[in-house]
Amino acid sequence: MLKILRIDSGAAGGPKATEVPTGEYTGLGGRALTSSLVAKEVPPLCSPIGAENKLVIAPGLLSGTTAAMSGRLSIGAKSPLTGGIKEANAGGQAAQVMARLGYAAIVLEGKPENDDLYKVYVNKDGVKIIKDNSLKMLPNYDLAEKMKAEYGEGVAMISIGPAGEMKLSAATVACTDMEFRPTRHAGRGGLGAVMGSKGIKVIILDDSGMKMRTPKDPEKYKEANKKFVEGLTKHPVTGQGLPAYGTNVLTNIINEAGGYPTYNFKQGRFDGANKISGETEAETETARGGLATHGCHRGCVIRCSGTYNDKDGHFLTKQPEYETVWAH
Ligand code: SF4
């Protein structure tokens, strides 16, 4: 991963892609890379949805290898919500695919000259940027169906929905999971609005023909990874609690301790906690034909996620997380 893909949305005639060496960012990955680049290249007083802000998308240093749990994607920019340097991260397939394509980061920069909307397609042969105004105001799930019809299910997608296009300050950036559903979101700080301000609706990453990244010493790497996986699977939280009940494994425990942030942090105990606990969630998911244990990307051994169906057994959403549940 020794190159960065920079897409200048402000270029004459529409966004232009340039590949540059990682240079001073070599050796950085994930949050270290996204935040360093924003700190260095984005003027602190600029408008978060203006020409000078940059959206930086970076896999972790081990993404694209056989290392377990190496598939989270970091996204950074000056936040439209807080005005500070924001990092939000998401699971899904994008980080692994992007790393196998050799990119340490994709940087969206500049300001488009008009309201046209673009999709970016990246594969082993390079980058195509295509104007596609038929995607305007498409929700992420509808967009995923459209992209699946065009590119198949073997690719990864990073996208925004209508909130990002409208540059709302709480808009997210969505990533597709192993089933090509846009269920994983970089949700903090309104980074979807920054992507929307660059006129980029969707990035399709296709690693067909690319190989897994290989370490310098494959045997030692394998050994270290084995120890890491053993540690995770033997630990009661990562080996039992999270796989069985997801992040809502915390609900009953924290509620009992009086620290459940209910009624907007005014109280620490919620009478109905058991009804929204990880235990109840897992039971409901299983009863409706969904999954109580599910990984959001290949190589995840914790599998803290799940699939939540409606009463008729149709997929509704991924398993809602602890913060989402207590906040509602
Ligand atoms: S399923 Fe859970 S543990 Fe696995 S990568 Fe996704 S968020 Fe992390």
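Residues numbered from 1 in each chain as written. Predicted model: local features only at pLDDT ≥ 70, side-chain atom pairs only at ≥ 80, totals over all residues. Heavy atoms only, no water.

Undergrad: Tell me about the pairing of strand 12 (residues 200-205), residues and numbers included.
TA: Counting buried residues in strand 12 gives 6 out of 6 residues, a clear majority hidden from the surface. Bridge analysis of strand 7 (residues 118-123) against strand 12 gives 5 bridges, and the strand direction is parallel. Of the residues in strand 12, the one forming a bridge with V120 is I203. With 4 bridges joining them, strand 9 (residues 156-159) and strand 12 adopt antiparallel strand pairing. Of the residues in strand 12, the one forming a bridge with M157 is I204. (Buried < 20%, exposed > 50% of the residue type's maximum accessible area, 1.4 Å probe, protein only. Helix = DSSP H or I, 4+ residues; strand = E, 2+ residues; numbered from the N terminus. Pairing = 2+ DSSP bridges.)

Undergrad: Can you lay out the domain arrangement of the chain for me, pointing to particular residues and giving the numbers?
TA: It is common to report an interface's size as the accessible area lost on association of the parts. Segmentation of the chain into domains returns domain 1 (3-205) and domain 2 (235-327). Between the C-alpha centres of domain 1 and domain 2 there is a distance of 28 Å. Taking both sides of the interface into account, the surface hidden between domain 1 and domain 2 amounts to around 1300 Å²; carbon and sulfur atoms contribute 56%. On the domain 1 side of the contact with domain 2, M69, M178 and R184 bury the most area, a combined 43% of that side's loss. Where domain 1 meets domain 2, there are 1 salt bridge. Between E321 and R184 there is a salt bridge, and its shortest N-O distance comes to 3.9 Å. (Domains from an automatic or database assignment. Buried area = accessible area lost by both parts, 1.4 Å probe. Salt bridge = Lys/Arg side-chain N within 4 Å of Asp/Glu carboxyl O.)

Undergrad: I'd like to hear about the packing of aromatic side chains, residue by residue, with values.
TA: Across all of its chains, the model carries 4 aromatic pairs by this definition. Ring plane angle 65 degrees and centroid distance 6.0 Å describe the contact between Y260 and Y322, whose orientation is recorded as edge-to-face. One end of the pair, Y260, is in the loop between helix 8 (250-256) and helix 9 (262-265); the other, Y322, is in helix 11 (residues 322-327), with 62 residues separating them in the sequence. Judged by relative accessible area, which is 1%, Y260 ranks as buried. Exposure remark for Y322: the relative accessible area of 9% places this residue in the buried category. Between F265 and W326, the aromatic rings sit 5.1 Å apart at their centres with planes inclined by 85 degrees, giving edge-to-face as the arrangement. (Phe/Tyr/Trp six-rings, centres within 6.5 Å; stacked < 30°, edge-to-face > 60°.)

Undergrad: An account of the pattern of salt bridges is requested, with residue identities and associated values reported.
TA: Evaluated as defined, the whole model comprises 18 salt bridges. Its salt-bridge partner being K3, residue E19 comes within 3.8 Å of it at the nearest N-O pair. Note that E19 is positioned in strand 2 (residues 16-21) and K3 in strand 1 (residues 3-8), a separation of 16 residues in sequence. With its nearest N and O atoms 2.9 Å apart, the salt bridge here joins K54 to E41. Remark: E41 occurs in helix 1 (residues 30-41) and K54 occurs in the loop between helix 1 and strand 3 (55-59); sequence separation between them is 13 residues. Overall, K54 belongs to the buried group, its relative accessible area being 14%. Take E41: its relative accessible area is 22%, and that puts it in the partly exposed class. Salt bridges linked by common partners bring R6, E41, K54 and E109 together as one network.

Undergrad: Go over helix 3 (residues 140-151) with me, naming the residues and quoting the values.
TA: Side chains that are three or four residues apart share a direction in an α-helix, a result of its 3.6 residues per turn. With 12 residues, helix 3 extends 16 Å between its outermost C-alpha atoms, agreeing within 8% with the 16 Å of an ideal straight helix rising 1.5 Å per residue. Those residues of helix 3 not exposed but buried are N140, L143, A144 and M147. All buried residues of helix 3 project into a common sector of 100 degrees when viewed along the axis, lining one side. Tucked into the core, helix 3 has its buried residues touching strand 7, strand 9, strand 10 (173-175), strand 11 (184-186) and strand 12. (Expected span 1.5 Å × (residues − 1). Arc of directions from axis to C-beta. Contact = heavy atoms within 4.5 Å.)

Undergrad: So what's going on with a nonpolar patch on the surface? Residues and values would help.
TA: Together, M137, M166 and L168 line one region of the surface with nonpolar side chains, adding up to about 280 Å² of accessible area. By the element assignment, M166 lies in the loop between helix 4 (162-165) and strand 10. The class of M166 is partly exposed, set by a relative accessible area of 48%. (Patch = residues over 30% accessible without salt bridge, like charges linked within 9 Å, V, L, I, M, F, W, Y side chains within 5 Å. Areas by Shrake-Rupley, 256 points an atom, 1.4 Å probe, with all protein chains shown as cover.)

Undergrad: Explain the site of the ligand to me, using residue names and the numbers behind them.
TA: The local shell around the ligand consists of M69, R72, R184, H294, G295, C296, H297, C300, I302, R303, C304 and S305. When each cavity is represented as a set of grid points, the ligand is found to reside in the largest pocket. Residues from two domains meet in the shell around the ligand; each of domain 1 (3-205) and domain 2 (235-327) gives at least three. (Near = heavy atom within 4 Å. 1 Å grid on protein atoms, 1.4 Å probe; cavity = no way out; pocket = protein on both sides within 12 Å on 5 of 7 lines; lining within 4 Å. Sits in = over half its atoms within 2 Å of the grid points.)

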